[in-house]
Amino acid sequence: MILDIGCGGNPLICKNEVIHADLGGEHLEVKCDAHHLPFKDNCFKIVYASHLVEHCLDPKNVLEEFRRVTSRVVVIKVINAKVDYACETHFYSWNEVTLENFLKSFFKEVNIYRSIRVTPHKNILRKLLSQLKVFALLGIFGKNELTAICYK
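What comes next is a walk through the structure. Please read these numbers as outputs of a predicted model, since none were measured by experiment.

Another aspect to go through is the overall build of the protein. Helix and strand counts for the protein stand at three helices and seven strands. N-terminal to C-terminal, the α/β element order of the protein is β-β-β-β-α-β-α-β-α-β. A total of 152 residues make up the protein; the buried ones form 40% of that total. Accessible area for the protein stands at about 9,100 Å²; split by element, carbon and sulfur atoms hold 54% of it.

Bringing the pairing of strand 1 (residues 2–5) into the picture now. Regular strands have side chains that alternate between both faces of the sheet. Neither face of strand 1 is exposed, since Ile 2 and Asp 4 on one face and Leu 3 and Ile 5 on the opposite face are all buried. In this sheet, strand 4 (residues 44–50) lies alongside strand 1 in parallel orientation, the contact comprising three bridges. Residue pairing in the sheet places Ile 2 in a bridge with Ile 46 of strand 4.

This part covers the sheet that holds strand 2 (residues 18–22). Spatially, seven strands are ordered 3-2-1-4-5-7-6 in an open sheet, and the strand pairing comes out mixed. Single-partner strands in this sheet number two, and they are strand 3 (30–31) and strand 6 (109–115). Across the face of the sheet, helix 1 (residues 59–69) comes into contact with strand 1, strand 4 and strand 5 (70–79) while running at roughly 145° to strand 5. Its contacts with the sheet place helix 2 (residues 96–104) against strand 5, strand 6 and strand 7 (145–151), and it is angled at close to 155° to strand 6.

So, about the state of the cysteines. Using the criterion set out here, one finds zero disulfides in the structure. Take Cys 32: it sits in no disulfide, and the sulfur closest to it among the cysteines is that of Cys 7, at 9.3 Å.

Right, let's get into the pairing of strand 4. The sheet contact formed by strand 4 and strand 5 spans six bridges and is parallel. Bridged to Ala 49 within strand 5 is Ile 76. As for the winding sense of the linkage, the β-α-β connection from strand 4 through helix 1 to strand 5 is right-handed.

Nonpolar side chains collect at one region of the surface, where Leu 57, Phe 91 and Tyr 92 lie side by side and expose about 330 Å² of accessible area between them. Within the secondary structure, Phe 91 is located in the loop between strand 5 and helix 2.

Attention now moves to the nonpolar core. In this structure, Leu 3, Ile 5, Leu 63, Phe 66, Ile 76 and Leu 103 are the most contacted members of the largest nonpolar core, which totals 33 residues. For this core, the elements supplying multiple residues, two or more each, are strand 1, strand 2, strand 4, helix 1, strand 5, helix 2, strand 6 and strand 7. Sort the elements by how many residues they give to this core and helix 1 lands first, with four residues. Once residues lying within four places of it in the same chain are set aside, the contact partners of Leu 103 are Leu 63, Ile 76, Val 110, Ile 112, Ala 148 and Cys 150. Membership of the second largest hydrophobic core comes to six residues, among which are Ile 2, Tyr 48, Val 73 and Ile 149.

About the cut-offs
Residues numbered from 1 in each chain as written. Predicted model: local features only at pLDDT ≥ 70, side-chain atom pairs only at ≥ 80, totals over all residues. Heavy atoms only, no water. Helix = DSSP H or I, 4+ residues; strand = E, 2+ residues; numbered from the N terminus. Buried < 20%, exposed > 50% of the residue type's maximum accessible area, 1.4 Å probe, protein only. Areas by Shrake-Rupley, 256 points an atom, 1.4 Å probe, with all protein chains shown as cover. Pairing = 2+ DSSP bridges. Contact = heavy atoms within 4.5 Å. Axes fitted to C-alpha atoms, helices over the stretch in contact; angles between N-to-C directions. Disulfide = S-S within 2.5 Å. Right-handed = clockwise from strand over helix to strand, strands pointing away. Patch = residues over 30% accessible without salt bridge, like charges linked within 9 Å, V, L, I, M, F, W, Y side chains within 5 Å. Salt bridge = Lys/Arg side-chain N within 4 Å of Asp/Glu carboxyl O. Core = buried A, V, L, I, M, F, W, Y, C linked by side-chain atoms within 4.5 Å.

Written out as structure tokens, the structure reads:
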């Protein structure tokens, strides 16, 4: 079983394998705050949090909750502070080194991967412009997203 915490309007889609949880949204099975997860210890094989941790007031508490409810792996995605700006709702930001150091205080093994984040757009023209911008900026700035795979 997978916990997709902070899924908002962009949930993971896997039949009968995912519990979607967030403060609000359309496709939720559980409405909750990441600081206080209403689940038993070790009840999920995977906890997945995409672009959530940087919005949390107490990311240490959130990571402790993730570690508590997973039996195996936590996957965390954040914006790479080296190449992308933080928005006004980001309380924290990390680069590869700071994210790895932060996560190693919670997990035995942490692997960090750089990738490209392309924001989904419903308008086809905005989508095209966004993709062109991402690919143009990629040559200048590099990969704008970090994915951490953390093993308990």
